[in-house]
Amino acid sequence: MRRNDRWRCSNPECGGEILVLANAKAFSATNPRCSCGNLMRKPYITPKLNTFEPEHGSDFSLEDPRRTPSLPDAENVQLD
Ligand SMILES: [Zn+2]
């Protein structure tokens, strides 16, 4: 869980919602659980990555060519 994350109960009858005040140092594969027993979901996704730097947002994927291990030495040689 990250700071400022909001989690909302998946049970609409419950409507429970939590706000994370501090980063959790231990991570779990499962979502946190509401006091009513249902799993919590994250309804809000922090849009920082997309709105702050839109030019970087589009290539923020696994197919980013800058992340592929090409030959950096060869590029340096061509720059000279
Ligand atoms: Zn609940």
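That block above? That's the structure.
Rules of the game
- Numbering of residues starts from 1 in each chain and follows the order in which that chain's sequence is written.
- For this predicted model, a pLDDT threshold of at least 70 governs which residues receive local features, and a threshold of 80 or more governs which side-chain atom pairs are given and counted, while totals over whole chains, interfaces and linings are taken from all residues.
- We count a stretch as a helix when DSSP gives it H or I for four or more residues in a row; a strand needs E for two or more, and each element gets its number in order from the N terminus.
- Contact definition: two residues whose C-beta atoms, as placed from backbone geometry, lie within 7 Å.
- Between the buried cut of 20 or more and the exposed cut of 12 or fewer other C-beta atoms within 10 Å of a residue's own C-beta lies the partly exposed class, and all C-beta atoms are placed from the backbone.
- In this analysis, strands are considered paired if DSSP registers two or more bridges between them.

> So what about the overall build of the protein chain? Which residues, and what values?
Along its length, the protein chain carries 3 helices and 3 strands. Starting at the N terminus, the α and β elements of the protein chain follow one another as β-β-β-α-α-α. At a minimum sequence separation of 6, the contacts of the protein chain that also span at least 24 residues come to 40%.

> How would you sum up the environment of alanine 26? Please name residues and give values.
Tracing the sequence through the fold places alanine 26 in the loop between strand 2 (17–19) and strand 3 (40–41). Between the C-alpha atoms of alanine 26 and methionine 1, which are 25 residues apart in sequence, the distance is 8.3 Å.

> Would you mind going over unusual backbone geometry in detail, with residue names and values included?
Excluding glycine, a negative phi dihedral is what most residues carry, and trans is how most peptide bonds are arranged. In this structure, asparagine 4 is a non-glycine residue whose phi angle is positive, near 75°. As for its placement among the helices and strands, asparagine 4 is situated in the segment before strand 1 (6–9). Note on asparagine 4: 12 C-beta atoms within 10 Å, which makes it exposed.

> Explain the pairing of strand 1 residue by residue, including any values.
The alternating pattern of strand 1 places Trp7 and Cys9 on a buried face, while none of Arg6 and Arg8, on the opposite face, is buried. Both strand 1 and strand 2 contribute to a ladder of 3 bridges, which runs antiparallel. Within the sheet, the bridge partner assigned to arginine 8 lies in strand 2 and is glutamate 17. Across 2 bridges, the pairing between strand 1 and strand 3 is antiparallel. Directly across from arginine 8, in strand 3, lies its bridge partner arginine 41.

> I'd love a proper account of the environment of aspartate 5, names of residues and values included.
Here aspartate 5 shows up in the segment before strand 1. Distance in space between the C-alpha atoms of aspartate 5 and asparagine 23 is 9.1 Å, their sequence separation being 18 residues. When neighbours within four sequence positions are excluded, aspartate 5 is seen to be in contact with Val20 and Lys42.

Geometric values such as these leave the question of function open.
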